[in-house]
Structure formats: C-alpha cells, structure tokens
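Topology and contacts: notes
Here are the chains, one letter per residue:
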Amino acid sequence: MVLVALPQAPHLPLDVLGFLIIACSWRVAALYRLAPKPSKAVLFVLTVFGGVLVYSHFHKFHGPEAAASLLLIGTGLKVLELSNRRDLYLVVYLAFLSTVTAYLFEQGLGIAVYTLCVAVLLVA
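Notes on the structure in this doc start here. Predicted model only: the values in this text are computed from it and were never measured.

Some points on the packing of helix α2 (residues 14-31) against helix α3 (residues 40-58)
Packing of α2 against α3 brings their axes to within 10 Å, and their N-to-C directions diverge by 160°. Judged by the inter-axis angle, α2 sits roughly antiparallel to α3. Between α2 and α3 lies a crossing of left-handed hand. On α3, the residues touching Asp15, Val16, Phe19 and Trp26 of α2 are Val42, Leu46, Phe49, Leu53 and His57. Looking at the contact of α2 with α3 residue by residue, the classes come out as 7 nonpolar, 1 polar and 1 charged.

Focus on the packing of aromatic side chains
Within this structure, the stated rule accounts for 2 aromatic pairs. Between Tyr55 and Phe61, the ring centres sit 5.4 Å apart and the planes meet at 40°, which makes this aromatic pair tilted. Residue Tyr55 is classed as partly exposed on the basis of its relative accessible area, which comes to 41%.

So, α3
Here α3 is 19 residues long and its end C-alpha atoms lie 27 Å apart, about the 27 Å a rise of 1.5 Å per residue gives. Burial in α3 covers these residues: Leu43, Leu46, Gly50, Gly51, Leu53, Val54 and Phe58. Along the axis of α3, the buried residues cluster in a sector spanning 155°; they form a single face. Of the exposed residues in α3, those oriented more than 90 degrees away from the buried face are Ala41, Phe44 and Val45.

Considering the side chain of Ser69
Along the chain, Ser69 falls in helix α4 (residues 64-80). We classify Ser69 as buried; its relative accessible area is 0%. Contacts of Ser69, omitting those with residues within four sequence positions, involve Leu12, Pro13, Val16, Val54 and Phe58.

Observations regarding the nonpolar core
The biggest cluster of nonpolar side chains holds 23 residues, and the ones touching the most others in it are Phe19, Leu72 and Ile73. For this core, the secondary structure elements donating two or more residues are α2, α3 and α4. The leading source of residues in this core is α4, at 7 residues. Ignoring anything within four residues of it in the chain, the contact list for Phe19 reads Leu46, Phe49, Leu53, Ile73 and Leu77.

Rules used throughout
- Residues numbered from 1 in each chain as written.
- Predicted model: local features only at pLDDT ≥ 70, side-chain atom pairs only at ≥ 80, totals over all residues.
- Heavy atoms only, no water.
- Axes fitted to C-alpha atoms, helices over the stretch in contact; angles between N-to-C directions.
- Helix = DSSP H or I, 4+ residues; strand = E, 2+ residues; numbered from the N terminus.
- Parallel < 35°, antiparallel > 145°, perpendicular 65-115°, else oblique.
- Left-handed = near helix turned anticlockwise from the far one by under 90°.
- Contact = heavy atoms within 4.5 Å.
- Nonpolar A, V, L, I, M, F, W, Y, C, P; charged D, E, K, R; others polar.
- Phe/Tyr/Trp six-rings, centres within 6.5 Å; stacked < 30°, edge-to-face > 60°.
- Buried < 20%, exposed > 50% of the residue type's maximum accessible area, 1.4 Å probe, protein only.
- Expected span 1.5 Å × (residues − 1).
- Arc of directions from axis to C-beta.
- Core = buried A, V, L, I, M, F, W, Y, C linked by side-chain atoms within 4.5 Å.

Have a look at this one:
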C-alpha cells in the first residue's frame, strides 16, 4: 500500500499517509497476533476520524486532493477489515484505483512506468 500512495505523497497531507501506514501496520500486527483486530465500534470511530481529517485539511470532500485522500483512507480501513478472499480482492481493486489517482497530480513517462510496475506487483 505504501507503493500505491508514494506518488501522491507530495500532494496529500502527511496525516492521511500516516493514517494509511498505521492502518496497514495494525493489520500486519493483527495478522501475527501481536494486536487484536479492530471491532466494529473502533472501525466506526476510525471512519469518522478519517472523514474529519480530510475535511479539516481541505474544508470540502470534493476535488482531486480530497478525493484521493478519501480513497486512501477508505482503502486503509478496508485493509483493517480484511477477513476473507472477497475482501482481499476488493483491497486489490481499491489499490489499482488508488494507483490511477496519481495521474490526477502528474502525467508523464516516469509516473506511467511507476504505475505499471505497481500494477504488475498488484497482479503478482
């Protein structure tokens, strides 16, 4: 997920990227039984916190930066909620969509090669 969010890092607040990193880290810790999986109440609180985080930075929920931030936060929340194969497929599709949002901020050969490499890693 870090590779997916990396090209968007200069355009998004560090809080959003931190939220994504913490969510993925929590999921890895839960996978190795070092931390409990979050309950529905915790996921609800994190969802509200993510929305407040985006609104506090952009003062709106529309626009390229806010949309990319909401998508990354939603992907991080879905990573926390992973429980079966269907959820894993959804996270991979969300990662593809998040990868494509990098084109909202930059278009060029370098970003095209980078997103192609990320797409190959997601398929593998």
